[in-house]
Amino acid sequence: MRYFLVWCAGIILFTTSLQAQSPKKYTPSDIYQAVQKLNFLGSALYVAAHPDDENTRLISYFSNEVKARTAYLSLTRGDGGQNLIGPELQELLGVLRTQELLAARRVDGGEQFFTRANDFGFSKNPDETLSIWDKEKVLADVVRIIRDFKPDIIVNRFDHRTSGTTHGHHTASALLSVEAFDITANPSVYSEQLKNTSVWQPKRLFFNTSWWFYGSRENFEKADKSNMLKVDTGVFYPMIGLSNNEIAALASSQHRCQGFGRLNTRGSQEEYIELVKGDLPADPDNLFDGIDTSWSRVEGGKEIGEVLYALEKNFSFNDPTVHLNDLLKAHKLIKELEDDHWRRLKLKELESIISAVTGLYLEASSDNASAYPGNTANISIEALNRSNAEIVLHSVSIGTGLKRNLNKPLLNNKKMNEKLELQIPEDSSYSSHYWLSQPWSVGMYTVDDPELIGKPESPVAYTAEFHLSIGNYDIKLQRPVVHRYSRPDKGELYQPFIILPKATASFSEKVMVFASGDAKDVALTITAHKDSLAGEVQLKYPEGWQVENEIQKIEIAKRGDQKTVVFRVIPPANEDDNYFSSVLRVNGREISKELVTIAYDHIPTQSVLLESKAKAVRLNIDKYGEHIGYIVGAGDKVPESLEQIGYRVHLIDPADIEAGSLDKYDAVVTGIRAYNVLDNLKFKQRFLFDYVQSGGNLILQYNTAGRWAPQYKDIAPYPLTLSRDRVTNENSEVDIIAANHPLVNFPNTITAEDFDGWVTERGLYFPKEWDPAFTPILSMKDQGESPTEGSLLVAPYGKGYYIYTGLSFFRELPAGVPGAYKIFANMLSIGKADPENKSEIKG
Ligand SMILES: [Zn+2]
């Protein structure tokens, strides 16, 4: 029976902690584990480059088995990757992945840090990475985080000695970690940091190796392991009813936007770590060997240890309240510690335990998820003591201006509710994601406040402080002000309480392409974050452009409602590419923000404030044809982009393709990775080839090579071999090697200038061998590599054309890159010189 209860407790721990926003509720086994962690004074830091790089098996092992304070330093927020669950990309994807990492840490018990480095996209080697990141700043951030966190042990995910074998960000993360290890204790290095932190020397640095780094399991078996230690991460925790690796799988399954959901695994499993710096522990089973992880580590700690070790030894699972006096005694002693680092950390841990053993529930919840400057937020206070301890609530204060004196006893299980009115100052700043508050570069976010660097999130908008006495002991406990609500389909939910502007504005199209001199309507949607919003909105536009009605009045009756205003925009005669922005004027304050909400069940809802702007591109572009058939692959915004330049795009379900069904299209385009993700497409390929033979244009965008690579016969009319060749530097030089080919002359003349202003990369998964029927159009290369000619291949087939391209149109078109539009228009127009060839859509 006892075992059954403990097992249930474990399940509760893991179900409640998976709910992104709700406060943690402690079972006796949770409390016991928290006491064990309180009594372990040691820490481990895991270092890699991206969300999902981290080995959650080791993080969970350090946190739950060793009981060490454990953290993952991800150099970037993973802004450059793909999103399998929603539309967020770039900086918004970074926000989502930050929260997924925090969700993973809530499961495995770790903490989370980041540097200011931005995930700018794939990088072939660390030299390129460190030239795009500001190496000095990223190293400074790694040093700062080590000095703040003070890890005894650092574990790198990647090998600092094998440049070029993995993503350049990966190797760079290991190089920076190794370099930092030698300088964090030196007060003359980044000495300005010592205003907020202190020097620190970690004891050991490991590389978390595995057979993968050796090419095969056989190679790894043969490798010299004299400098390696083995850790069994398959340990079972009877107290929570889970194996370490089950926790690890639950944690890494939080990386949902990367499709990392996976099966839980159980049973013994060995992890290898190779010593890089420091000395091997004398006891190979104790990674902290030679490091004092007891209370005697800290001056004045011995007495604290005497109280808390006895408590741990005699822990009462039936009634943890019996430990209250000892916990308060320890609190008093820890408060007197001179060592600021341990005092801060251990008080925080201990205060959670004191709340847990008394069943003390303290909450400050706003009736709205947001408030605006000048607004009054209604805050509900709930205070409940669920023990026989004598507890008095003296006061509650929020922010600097609000304090309610109460002096009321909290009787066992008698709930106390209070209502407070929180006045938000008129000059209050908005809640932000601090790394997005200022303009950033391709490689680095801009953060001025050194106190924020390294933190996963901005501090909460408001904290409530509950001043209590427990017995005769005075204590102040903090809780973030939250918004608690319920939804019929989801039950109780929590959201962070935030400060928003009175209104925000969002352009309907983030990139507006004017392919002719004709005027176009530009729509802007205003959202009110207060009732009775009244003001005006102005469209700001660059020189040479004209707007007919640039200032318009807005009135919105209800908070949360939206109104769309339309501006008539006349583009300049000449080509231009520039930004529009919007300004709202409400009660004398100017607001230039757009609000983007990111809401998923596994993370707290994120309200991201960005500058309200849109790119406007005036192109002189010629094109033939009107109706384009598009077969969507893994998902991209190419169809919307083609509509911007006047094409009508029809999405085609491969199941509907049959003989003759494509003849109505001037061209057919396959979306990115279409042949990787659409199993049935290859069965329809003969219809696609027939379509080309009778005069159609077929354009294939990139498909991945490797395990999921399609067979050439399934995708091309002539032999073609895909490869992993890619050109990752978006500024790398491009040679037009088939200068007389219609593809670079008709109807638009393509020149070197058309390769200016590209974003992220040139292209990927270029074919490396092809039949002589193909003409390669372009040659390009990254620095230090030999040129590849496979980025754009064209072959006549029957009366039509077949084109295969790995150029990153899926990135360039939505970013409004003019040259990319012209090349795409030429691909769609090739062979259509004779106006008779311009077909009308039938049926
Ligand atoms: Zn990675």
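See the structure above.
All figures in this text were calculated on a predicted structure; none of them were measured in a lab. (Residues numbered from 1 in each chain as written. Predicted model: local features only at pLDDT ≥ 70, side-chain atom pairs only at ≥ 80, totals over all residues. Heavy atoms only, no water.)

(A) Highlighting the overall build of the chain. Within the chain, the regular secondary structure consists of 17 helices and 42 strands. A globule of 843 residues ought to have a C-alpha radius of gyration of about 28 Å, and the chain, at 30 Å, matches this closely. When the backbone C-alpha atoms are referred to their principal axes, the chain occupies close to 95 × 75 × 60 Å. Counting all 843 residues of the chain, 56% fall into the buried class. The contacts in the chain between residues at least 6 apart in sequence include a share of 73% that link residues at least 24 apart. As presented, the chain carries roughly 35800 Å² of accessible surface, and 48% of it is formed by carbon and sulfur atoms. For the chain, the centre of its 91 positive side-chain charges and the centre of its 111 negative side-chain charges are spaced 5 Å apart. (Helix = DSSP H or I, 4+ residues; strand = E, 2+ residues; numbered from the N terminus. Rg over C-alpha atoms; globule rule 2.2 N^0.38 Å. Buried < 20%, exposed > 50% of the residue type's maximum accessible area, 1.4 Å probe, protein only. Contact = heavy atoms within 4.5 Å. Areas by Shrake-Rupley, 256 points an atom, 1.4 Å probe, with all protein chains shown as cover. Lys, Arg positive; Asp, Glu negative; His and termini not counted. Charge placed at Lys NZ, Arg CZ, Asp CG, Glu CD.)

(B) Focus on the sheet that holds strand S24 (residues 546-547). With antiparallel pairing, 4 strands are arranged side by side in an open sheet as S20-S22-S26-S24. Looking at the sheet topology across the chains shown, the edges are occupied by strand S20 (503-507) and S24. Sheet topology note: the strand S22 (residues 520-528)/strand S26 (residues 562-570) ladder contains 8 bridges and is antiparallel. Each residue of the ladder has a partner; that of Thr527, found in S26, is Gln562. (Pairing = 2+ DSSP bridges.)

(C) Molecular detail of the nonpolar core. Within the largest apolar cluster, 77 residues are counted, with the highest numbers of intra-cluster contacts made by Leu642, Val668, Leu792, Tyr802, Phe824 and Leu828. The dominant element in this core, judged by the number of residues it contributes, is helix H17 (residues 818-829), at 7 residues. In contact with Phe824, not counting residues within four places along its chain, are Val638, Leu642, Val669, Gln701, Phe809 and Leu813. Grouped together as the second largest cluster of nonpolar side chains are 59 residues, Val35, Val298, Ile398 and Leu410 included. (Core = buried A, V, L, I, M, F, W, Y, C linked by side-chain atoms within 4.5 Å.)

(D) Quick look at the coordination of the zinc ion. Taken together, His50 (ND1), Asp53 (OD) and His170 (NE2) make up the full set of protein donors to the zinc ion, lying 2.1 Å away. Counting residues between consecutive donors of the zinc ion along the chain gives the motif H-x2-D-x116-H. Here Asp53, found in the loop between strand S1 (43-48) and helix H3 (56-66), pairs with His170, found in helix H7 (residues 168-181); they are 117 residues apart in sequence, far enough to count as distant. The burial state of Asp53 is the same as that of His170; both residues are buried. (Donors = N, O, S within 2.8 Å, 3.2 Å for Na, K, Ca; no water.)

(E) Just the sheet that holds strand S5 (residues 204-207), in detail. Reading across the sheet, the 7 strands line up as S3-S2-S1-S4-S5-S9-S6 and stay open at both edges, with mixed pairing between neighbours. On the outer flanks of this sheet lie strand S3 (111-114) and strand S6 (228-232), each paired with one strand and no other. For this sheet the average axis-to-axis angle between neighbouring strands, irrespective of direction, equals 30 degrees. Looking at chain direction, strand S4 (residues 153-156) and S5 are connected through 4 bridges and run parallel. Its bridge partner lying in S5, Ile153 is registered against Arg204. Contacts between helix H4 (residues 90-108) and the sheet are confined to strand S2 (69-74) and S3, with S3 contributing the most and set at about 155 degrees to the helix. Lying over the sheet, H7 contacts S1, S4, S5 and strand S9 (270-277), oriented at roughly 160 degrees with respect to S4. (Axes fitted to C-alpha atoms, helices over the stretch in contact; angles between N-to-C directions.)

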